[in-house]
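Remarks on the overall topology
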Amino acid sequence: MLRLSPGGWGSGLVDVPGKKLGQVEFRPGKIPSGMIVMLDSHGSPEVHAQSSVMVEVSRGVKPGRYFIGLAATADGQTASTEMVVDVVPE
């Protein structure tokens, strides 16, 4: 979970145990209006696949709880999860 103020940014990590870096495709799913999400896949290629999830919240986003969809595909199967972002007043 991230706690961010409007105009702020933060990051988290999504990990796929048992898969190597080149075996997994990470992508964002549903992104709330006023947020920018960037994924940066990395990890030790011989050990595991990870992606940093960077979230930027625009100044106009109202305080509240938001959910960002994330998906990882490997071997023709897709697993989905959500990242929780609590936007708090400045």
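Right above here is the structure, for reference.
Analysis parameters
Residues numbered from 1 in each chain as written. Predicted model: local features only at pLDDT ≥ 70, side-chain atom pairs only at ≥ 80, totals over all residues. Heavy atoms only, no water. Pairing = 2+ DSSP bridges. Helix = DSSP H or I, 4+ residues; strand = E, 2+ residues; numbered from the N terminus. Axes fitted to C-alpha atoms, helices over the stretch in contact; angles between N-to-C directions. Buried < 20%, exposed > 50% of the residue type's maximum accessible area, 1.4 Å probe, protein only.

Let us now look at the sheet that holds strand β1 (residues 2-4). The sheet built from 4 strands is open, its strands ordered β1-β7-β6-β3 with mixed pairing. Looking at strand neighbours, the two that pair on one side only are β1 and β3 (25-28), the edges of this open sheet. Each neighbouring strand pair of the sheet contributes to a mean axis angle of 30°, computed without reference to strand direction. Sheet topology places strand β6 (residues 64-74) next to strand β7 (residues 77-87); 11 bridges connect them, and they run antiparallel. Its bridge partner lying in β7, A71 is registered against S80.

Let us now look at unusual backbone geometry. Positive phi is not limited to glycine here, since D75 has a value of about 55°. Here D75 shows up in the loop between β6 and β7. Judged by relative accessible area, which is 61%, D75 ranks as exposed.

Before going further, it helps to spend a moment on the sheet that holds strand β4 (residues 35-42). Taken in spatial order, the 3 strands of this open sheet run β2-β5-β4, and their pairing is antiparallel. Only two strands of the sheet have a single neighbouring strand rather than two, namely β2 (9-16) and β4. Sheet twist, expressed as the average angle between the axes of neighbouring strands with direction ignored, equals 20°. With 8 bridges connecting them, β2 and strand β5 (residues 49-57) associate as antiparallel partners. Within β5, the position partnered with D15 by the bridge is Q50.

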